[in-house]
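# Examination of the molecular architecture
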Amino acid sequence: MSKKVAMAGMFTALAMIFSYVEVLIPISLGIPGIKLGLANLVVVVALYTMGAPMALAVSMIRILLVSVTFGNLAAMLYSLAGGLLSFGGMVLLKKIPKFSIVGVSVAGGILHNVVENIHLLSYMPLLMISGTITGMLIGIVSAQVIPRIDKVLKS
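Anyway, here's the lowdown on the structure attached to this text. (Residues numbered from 1 in each chain as written. Predicted model: local features only at pLDDT ≥ 70, side-chain atom pairs only at ≥ 80, totals over all residues. Heavy atoms only, no water.)

So, on to the overall build of the chain. On a plain count of helices and strands, the chain comes out with six helices and zero strands. Mapped in sequence order, the helices and strands of the chain form the string α-α-α-α-α-α. With 155 residues in all, the chain has 43% of them scored as buried. Counting only contacts in the chain whose residues sit at least 6 apart along the sequence, the fraction spanning at least 24 positions is 71%. Entry remark: accessible area of the chain is about 8,300 Å², with carbon and sulfur atoms responsible for 76%. (Helix = DSSP H or I, 4+ residues; strand = E, 2+ residues; numbered from the N terminus. Buried < 20%, exposed > 50% of the residue type's maximum accessible area, 1.4 Å probe, protein only. Contact = heavy atoms within 4.5 Å. Areas by Shrake-Rupley, 256 points an atom, 1.4 Å probe, with all protein chains shown as cover.)

Next comes the structure, spelled out in structure tokens:
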């Protein structure tokens, strides 16, 4: 149990670092709301290696801490809503055998964009495309990282 708690702490810290790094990388392409979703990499890996409850804790704690540290209340509320919808969708799709890690990650990226940018409906098609691309990249990296973390957790 202590190994899982330590891993959850490391995942949370890594997700916070990725969130901060993402702020430093300007990838707007002239479209508000486009992000790499680097912190989602940690959530996807946690979901597959530690299970849904721990991954949800990592995601929510990261959102709260990053919002308090670098954001504001409005940003926190949008991030919480987007994070919960994204996470719920990923958990449901993970249960369907036809969905790979990449497919689950893509769904997470798209769902997060839907909530965080609902006021930008005119940009939604572009945000869905960016969510698909970044979700694919995060899913591919997750698929490479998960077996290595599983080894650590099982040792």
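A separate point is the packing of aromatic side chains. Under the defined criterion, the tally for this structure stands at one aromatic pair. Above the plane of the ring of Tyr48 lies Lys94, whose end atom (NZ or CZ) is 5.0 Å from the centre. (Phe/Tyr/Trp six-rings, centres within 6.5 Å; stacked < 30°, edge-to-face > 60°. Lys NZ or Arg CZ within 6 Å of the ring centre and 35° of its normal.)

When you line up the elements, Ser105 lands in helix α5 (residues 101-116). Contact partners of Ser105, with chain neighbours within four places excluded, come to Asn40, Val44, Met90, Gly135, Ile138 and Gly139.

Moving on, we come to the environment of Gln144. Take Gln144: it is sitting in helix α6 (residues 124-154). Since its relative accessible area comes to 48%, Gln144 is described here as partly exposed. Each C-alpha atom of the pair Gln144 and Val45 lies 9.6 Å from the other, and the pair is 99 residues apart in sequence.

This part is about helix α1 (residues 2-24). Under the 1.5 Å per step criterion, the end-to-end length of α1 is 33 Å for 23 residues, consistent within 8% with the ideal 33 Å. Inspection of α1 places Met7, Ala8, Phe11, Thr12, Ala15, Ser19 and Glu22 among the buried residues, and these make up the whole buried set. Where α1 is buried, its residues meet α2 (38-50), α3 (52-70) and α6. (Expected span 1.5 Å × (residues − 1).)

Let us now look at the nonpolar core. Side chains of nonpolar character tend, in soluble globular proteins, to be buried together. With 27 residues, the main nonpolar core has Phe11, Met50, Phe87 and Met90 as its most contacted residues. When residues of this core are traced back to their parent elements, those giving at least two are α1, α2, α3, α4 (73-94), α5 and α6. If one sorts the elements of this core by residue count, α2 sits on top with nine residues. (Core = buried A, V, L, I, M, F, W, Y, C linked by side-chain atoms within 4.5 Å.)

This brings us to the environment of Gly82. Note that Gly82 resides in helix α4. You can call Gly82 buried: its relative accessible area is 0%. Note: C-alpha distance between Gly82 and Val114 (32 residues apart in sequence) is 7.4 Å.

Below, the discussion takes up the packing of α2 against α6. At their nearest, the axes of α2 and α6 sit 9 Å apart, and the two run at 45° to each other. Judged by the inter-axis angle, α2 sits oblique to α6. When the axes of α2 and α6 are compared, the crossing they make is right-handed. The residues of α6 that touch α2, namely those facing Leu38, Asn40, Leu41, Val44, Val45, Tyr48, Thr49 and Met50, are Ile138, Val141, Ser142, Val145, Ile146, Ile149, Asp150 and Leu153. The class makeup of the residues in the contact of α2 with α6 is twelve nonpolar, three polar and one charged. (Axes fitted to C-alpha atoms, helices over the stretch in contact; angles between N-to-C directions. Parallel < 35°, antiparallel > 145°, perpendicular 65-115°, else oblique. Left-handed = near helix turned anticlockwise from the far one by under 90°. Nonpolar A, V, L, I, M, F, W, Y, C, P; charged D, E, K, R; others polar.)

On to α4. Along its 22 residues, α4 runs 31 Å from first to last C-alpha, staying within 8% of the 32 Å computed at 1.5 Å per residue. Residues of α4 that are buried: Met76, Ser79, Leu80, Gly82, Gly83, Ser86, Phe87, Gly89, Met90, Val91 and Leu93. At the N-terminal boundary of α4, the capping side chain belongs to Asn72, with an oxygen 3.1 Å from the backbone nitrogen of Ala74. (Polar contact = N/O pair within 3.5 Å; in protein donor to acceptor, adjacent residues only side chain to side chain.)

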